[in-house]
Amino acid sequence: MTTFRWTAIELGALGSIAVSQPLLDVFGESPEVFVEAGASSRDIVLFAALVAIGPLIAAIVFTGMARALAGTRGLAVAGAIGALGLFGVAGIHLARQLTDVGITVVVLASIAATLGLIGWRYTLWLHTWLRFLAPAPLLFAAMFVIASPSGELVIGNDAAPPVELAPAERGPVVVLVLDEFPVRSLFDERGEIDAGRYPGFARLAAESTWYRNATAVGSHTEYALPAILTGRYPTTDAVAPLAEDHPDSIFRLLGAGYRFNVSEEITRLCALDRCRREHPDNRPTEAPRNEVGEGDGTGPTPNAESALRSLIADAGVVFRAQVTGSGEQAIEDRLIGSETVKVDADATSTSTTDTTGTTSTTDTTDTTGTTGTTGTTGTTGLSPSPTNRSEAASDRPDYTVQPARFATWLAGIDGDTESPQFSFVHALIPHRPWRLDAEGRQYPTIENETVGMARFAWLDRPGAVTTQRQRHFEMVRYADSLISALLDRLVALDILETATVVVVADHGLGLDPAVPLRRYTPAAGTDIVGVPLFIRSPNSTTGTIDDRPAQTVDVVPTIARAIDVELPWPVEGIDLSGPERARTRHPFEIKTDPDGTRRREFQLLDIDVSDHLTALLRPRPELAALGTDDFASWRIGPEPALLGTAVDAIPLGPALDATIAFDPESLGTRSTVADDGSTLAMVVGRLEGVSPGATVAIAVDGVIVSTATADRVDDGSWLSAFVPPSRLTRSDLEVRYFVVETTDGRLRLRALTAA
């Protein structure tokens, strides 16, 4: 009994060092993951406790089963196996502090595991040392709660009191923050907004001031969004996206004079009672012109059980990434909150408004998956509810919940002209992973190196990166539908003319081969720092392009000026409605840890954006081919003239002695439409007998719908392509693959065979 007890305790102590402490370190530095999950203080404490004592529980079960099955000898073997594995994991953590070379990490971890096993088998002092470390799990959990940024969510601080505003007639304030959105994605080949592809943004620009030269001050939401909402640059002293670290924000500025319709995501800067929609002071003073949806104003929220389950799932993803070194993007997708948001499974309906201003109520149990132009909200294409309720209530729900969250917020904007309303939403659109087309049709995504992305950077694979740009453009077109829906709502309520409307993005995204996705470099800087910024002042009727060097920290000062309010705290931002002022610096936050496991380690650079506008407006003739039909986003691929052409209309050569072997999650030779309406639309496959650089055409039911370039991957060729979901409307459509060749100046197709 004594041997069993001490073996379990020693393995539990070793596990707390190898597993618990690294996990609690990551999550302690990432409070935004708890905000995204909607975790309560109780959830956070339980999470810390479970992570801390998890290795001990596992050790008790593991050694107990071994002893029950094989007696003392089994217990000894189990102890040795457990020690070998845990010393190996600890060795991996240590090795990754020294090198990023995979084989070196494996060698060092193997040495650590071997030495640990020898020590476990032949030395007494190691056992004694581990027994003294028995209280370590409790210490790690306590340090997490008391000393980490995430612990502030448990302990908390009193919110700063709202600013008392002098009596005045003020109109509504509406702020929409989009996410991971380079402004260049809106441009046509001349550097203007492509009105054909983006009619919503073109309409907004025609009635507002477009600060085309606007730049962000951070590469990640937890730094960039607080800067927008406070008017202050990120600092190393206030890194958590919480009201406790950012007490002076637009929520405090408007908290005493405005009713709130607020939906935050990833951040928790709105800490006032009025942030809850059901707060009595948020009710309109007159009957609203349109019935608004039910809710608390913070967007859909999970129940406590699902929040804790989600956090445990996150811990599993992070642990696997720490051990394998291959899951950096998985860490990013989990910890940033990504594009998912949980919903209340008890919700039954929401109200929303179509482009005519009429209200429609939709049962959230709808499973038709209809989100397009004939969907539940008229021509806006917005779905006010998940297409699959059971999936939406799970730990990681369907991506269509994010548009539903926007629709709920949109319905919360009312037409009360007696008491002004502040409506704010941070919509995680068009952020990765891109899973919606322009009409809101959903498709599963594939995220690994075969699609051109690794370690938060694009690989030097032009074909794959072009495919990812197509997907991004489709999400930007979907974002455009949100702009149209917002403007239609404000017009229908007759408050657009008196409102201050701001549309901005928190940061951009690199979209070229061999550049980082977020980390600022001169080569990628244009897309990473350049973001949309539109400000519509009350009674504005004429659109203006202002090319002064605006920054996202200018949003709050400009809003304050528009509603005639003095800012009671110092800001680095300036009022953009006033005379242009020289700027002496442009701080920009970047991540410093290359493997993504310590997400809150960052530094501030002073970057030079003096040439940003010139680079932004550099002609891009490849965009001239883009249109507004089903193939609009696909025309940046090779041989765009083939799109929409029947295979029978193109000369066919003999079939190639070549094959394509598909990824298990890829579209293959037959289309499939799931019960929730989603369809496989990504094609990822290894090509045999096809040279890198070749053009591959994909035909659905005899019509070419996509073209892509094969990339060299290691010693072979890979295809990463994207098929328009609008062309995959039913199951069992035939999908064929051809290599495009040029002979005597004429194109011909040669069929590929599925492996």
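It should be noted that the structure appears before, not after, this text.
Residues numbered from 1 in each chain as written. Predicted model: local features only at pLDDT ≥ 70, side-chain atom pairs only at ≥ 80, totals over all residues. Heavy atoms only, no water.

1. Brief notes about the sheet that holds strand β18 (residues 711–713)
Two orientations exist for strands paired in a sheet by backbone hydrogen bonds: parallel and antiparallel.
Phase 1: In space, the five strands of this open sheet follow the order β18-β19-β15-β14-β22, with mixed pairing throughout. Of all the strands in the sheet, just β18 and β22 (753–754) have a single pairing partner and so form its edges.
Phase 2: Here six bridges tie strand β15 (residues 682–688) to strand β19 (residues 716–722), and the two strands are oriented antiparallel to one another. Bridge pairing in β19 links valine 684 to serine 720. (Pairing = 2+ DSSP bridges. Helix = DSSP H or I, 4+ residues; strand = E, 2+ residues; numbered from the N terminus.)

2. Focus: the sheet that holds strand β17 (residues 703–709)
Phase 1: Taken together, the four strands give an open sheet; going across it, the order is β17-β16-β20-β21, and neighbouring strands pair in antiparallel fashion. The sheet is open, and its two edges are formed by β17 and β21 (746–751), each paired on a single side. Neighbour to neighbour, the strand axes of the sheet diverge by 35° on average, direction disregarded.
Phase 2: Here six bridges tie strand β16 (residues 695–700) to strand β20 (residues 735–743), and the two strands are oriented antiparallel to one another. (Axes fitted to C-alpha atoms, helices over the stretch in contact; angles between N-to-C directions.)

3. Points about unusual backbone geometry
Phase 1: Put simply, isoleucine 429 and proline 430 share a cis peptide bond, and its omega is 10°.
Phase 2: For proline 430, the location among the structural elements is in the loop between β6 (421–426) and β7 (453–454).
Phase 3: The residue after arginine 432, namely proline 433, is reached through a cis peptide bond having omega -10°.
Phase 4: Checked against the element boundaries, proline 433 lands in the loop between β6 and β7.
Phase 5: Non-glycine residue glutamate 180 carries a positive phi angle of around 55°.
Phase 6: By the element assignment, glutamate 180 lies in the loop between β1 (173–178) and α8 (199–206).
Phase 7: For glutamate 180, a relative accessible area of 0% translates into the label buried.
Phase 8: The phi angle at aspartate 494 is positive, at roughly 60°, despite the residue not being glycine.
Phase 9: Looking at the secondary structure, you find aspartate 494 in the loop between α15 (462–492) and β9 (500–505). (Buried < 20%, exposed > 50% of the residue type's maximum accessible area, 1.4 Å probe, protein only.)

4. Considerations on the state of the cysteines
Phase 1: Going through the model one piece at a time under the given rule, you end up with one disulfide.
Phase 2: Residue cysteine 270 pairs covalently with cysteine 275 via a disulfide, S to S 1.7 Å. Negative torsions about the S-S bond denote left-handed disulfides, and the value of about -90° found for cysteine 270 with cysteine 275 makes this one left-handed.
Phase 3: The class for cysteine 270 is buried, based on a relative accessible area of 9%.
Phase 4: A relative accessible area of 5% means that cysteine 275 is categorised as buried. (Disulfide = S-S within 2.5 Å.)

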